[in-house]
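Spelled out from the first residue to the last, the chains are:
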Amino acid sequence: MKKALVLAIALVLCLSTVSVFAAPPKVGMCIYKFDDTFMSYVRNQIETLAKGNLDLSTQDSQFDQPKQNDQIDQFLTQKVKALAINMVDPSAANVLIQKTAKKKVPLVLFNREPGDLDLAKYPNVYYVGAKAQESGTMEGQIVAKYWKAHPEADLNKDGKIQYVMLMGDPSNSDAKYRTQYSIEAVQAAGIQVEKLAEDTAMWDRPKAQEKMAAWLAAYAGKVEVVFANNDDMALGAIEALKAAGYFKGGKFMPVVGVDATPPALDALEQGTLLGTVLNDATGQGTATYELAASLASGKGAATKVAKLANKDGKADPKGHYVWVPYQMVTLDNYKQFKK
Ligand code: GAL
Ligand code: CA
């Protein structure tokens with residue numbers, strides 16, 4: 001009798017322990033390539049939040065969409081409860097949606113917006129990201145303000161900005177919009193521009209340094225402003241400029257980027273980077289984690305942190321988008337972004 005009671009109590013204890021410590025849901029994550037500075041901050045935030053809460057496994061898609069599709073197939077075979085995917089190629093969204101819908105696995109896409117799709121048409125597919133147009137506009141506004149306050153920046157005194165543009169991956173809408181909207185914002189401020197050169201450096205610092213060195217040789221003394229689609233490329237350009245004698249003895253070049261990475265904030269403080277735009281890695285990572293965790297545990301998409309909206313950015317509790325805002329960062333306010 002006594003023995004049976006002890007056994008029964010032990011069993012109850014055992015069962016309750018199991019339910020209290022239920023295994024965290026399995027979630028699969030892919031990053032378009034690990035070797036990307038900004039995405040490594042986003043990944044880090046997701047992995048930090050997931051510790052102890054999700055059984056998260058992360059794959060490096062190595063800038064290869066077919067490879068990413070295989071990784072997703074494997075995650076689906078392992079019966080993950082949700083997927084968090086940073087696509088290599090936004091036109092792959094259709095295939096991914098079909099794959100995951102078939103297995104009824106929720107899909108959270110992040111930082112690479114799916115082509116022309118409106119995700120509201122699909123149950124269980126979401127996007128977390130930022131409106132690239134905004135970041136371009138802010139870059140342009142930083143330059144316009146500087147230009148108006150510094151007449152000496154017009155080296156050839158023709159009233160126009162002679163500029164060079166370092167682009168990210170040209171197939172990436174962030175790259176396209178930042179290129180377009182930065183220049184449009186300068187023009188909207190009533191300033192004329194002349195493009196000396198524009199080329200991709202694939203978001204990459206050493207590639208940008210090389211490109212900038214070549215442009216400085218080709219357009220010696222003519223470049224008045226350097227636009228970069230992200231901070232890594234802005235920092236590459238700054239290296240080339242330093243090697244060409246800039247940032248000492250009063251020789252300055254206005255360089256702007258996007259992301260507000262820690263090394264970019266250091267450059268801002270040192271007076272080499274004129275300005276940047278906060279691309280909120282912590283905010284994007286947190287929203288991606290919240291959505292994926294909530295969907296994986298069957299609680300739906302509504303979370304306290306991730307504010308749902310529609311494709312155009314309007315708040316909508318039934319929306320399938322979470323838009324994380326950009327912020328302009330200059331010497332006036334950079335300190336608040338330092339960690
Ligand atoms: C952008 C970011 C870039 C790069 C790119 C990759 O949002 O500003 O630095 O990470 O995403 O798609
Ligand atoms: Ca000029």
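Look a little higher up for the structure.
Residues numbered from 1 in each chain as written. Chains lettered and ligands numbered in written order. Predicted model: local features only at pLDDT ≥ 70, side-chain atom pairs only at ≥ 80, totals over all residues.

Asker: Help me understand the site of ligand 1, please; the structure alone is not making it clear to me.
Answerer: Near ligand 1, the surroundings consist of 13 residues, among which F38, D174, W203, N230 and N279 are the closest. For the shell around ligand 1, a count of residues per class yields 4 nonpolar, 5 polar and 4 charged. (Near = placed C-beta within 6 Å. Nonpolar A, V, L, I, M, F, W, Y, C, P; charged D, E, K, R; others polar.)

Asker: Looking at this structure, how should I read the packing of helix α8 (residues 231–243) against helix α9 (residues 262–270)?
Answerer: Geometrically, a packed helix pair is captured by the angle between its two axes and the distance between the axes. Relative orientation of the contacting elements α8 and α9 amounts to 45°, with a least axis distance of 9 Å. Compared by their axis directions, α8 and α9 come out oblique. Our pair here, α8 against α9, has a crossing hand that is left-handed. Within the contact between the two elements, α8 uses D231, A234, L235 and I238 and α9 uses P263, A264 and A267. When grouped by side-chain class, the residues that make up the contact of α8 with α9 number 6 nonpolar, no polar and 1 charged. (Axes fitted to C-alpha atoms, helices over the stretch in contact; angles between N-to-C directions. Helix = DSSP H or I, 4+ residues; strand = E, 2+ residues; numbered from the N terminus. Parallel < 35°, antiparallel > 145°, perpendicular 65-115°, else oblique. Left-handed = near helix turned anticlockwise from the far one by under 90°. Contact = placed C-beta atoms within 7 Å.)

Asker: Would you mind going over the nonpolar core with me for this structure?
Answerer: The tendency in soluble globular proteins is for nonpolar side chains to be buried as a group. In this structure, V108 and A237 are the most contacted members of the largest nonpolar core, which totals 97 residues. Considering every element that reaches this core, the biggest residue donor is helix α10 (residues 281–296), with 8 residues. (Core = buried A, V, L, I, M, F, W, Y, C linked by C-beta atoms within 7 Å. Buried ≥ 20, exposed ≤ 12 C-beta atoms within 10 Å, placed from the backbone.)

Asker: Before we go on, may I ask you to explain the environment of F252 in this structure?
Answerer: By the secondary structure assignment, F252 is in the loop between α8 and β9 (255–256). If we ignore the near neighbours within four places in the chain, the residues touching F252 are Y246 and F247.

Asker: Mind showing me how you'd approach the packing of helix α2 (residues 37–50) against α10 here?
Answerer: Interhelical geometry of α2 versus α10 gives an angle of 45° and a closest axis separation of 8 Å. As summarised for this structure, α2 and α10 are arranged oblique, according to the angle between their axes. When you trace α2 past α10, the crossing you get is right-handed. On α10, the residues that touch F38, Y41, V42, Q45, I46, L49 and A50 of α2 are A281, T282, Q284, G285, T286, T288 and Y289. The residue makeup of the contact of α2 with α10, split by class, is 8 nonpolar, 6 polar and no charged.

Asker: Please clarify how the sheet that holds strand β4 (residues 107–110) should be interpreted in this entry.
Answerer: Sheet strands pair by backbone hydrogen bonding; their relative direction is either parallel or antiparallel. Taken in spatial order, the 6 strands of this open sheet run β2-β1-β3-β4-β5-β11, and their pairing is parallel. Edge positions in the open sheet fall to β2 (55–60) and β11 (321–323), since each of these has one partner strand only. Shown here is a sheet whose adjacent strand axes are inclined to one another by a mean of 15°, direction ignored. Pairing analysis gives 4 bridges linking strand β1 (residues 26–31) to strand β3 (residues 82–85), with the strands arranged parallel. Residue pairing in the sheet places C30 in a bridge with I85 of β3. Along the sheet face, α2 touches β1, β2 and β3 and points at about 160° away from the line of β2. (Pairing = 2+ DSSP bridges.)

Asker: Which parts of the structure should I look at to understand unusual backbone geometry?
Answerer: A negative phi angle characterises most non-glycine residues, just as the trans form characterises most peptide bonds. Residue K79 is not a glycine yet carries a positive backbone phi of 60°. One can find K79 in the loop between α3 (65–77) and β3. Backbone geometry at A260 places phi at a positive 55°, although glycine is not the residue there. Mapping A260 onto the fold places it in the loop between β9 and α9. Exposure remark for A260: the 25 C-beta atoms within 10 Å place this residue in the buried category.

Asker: For this particular structure, what's the right way to read the environment of T286?
Answerer: Position of T286 relative to the elements: it lies in helix α10. Apart from the residues lying within four places of it in its own chain, the contact partners of T286 are Q45, L49 and V305.

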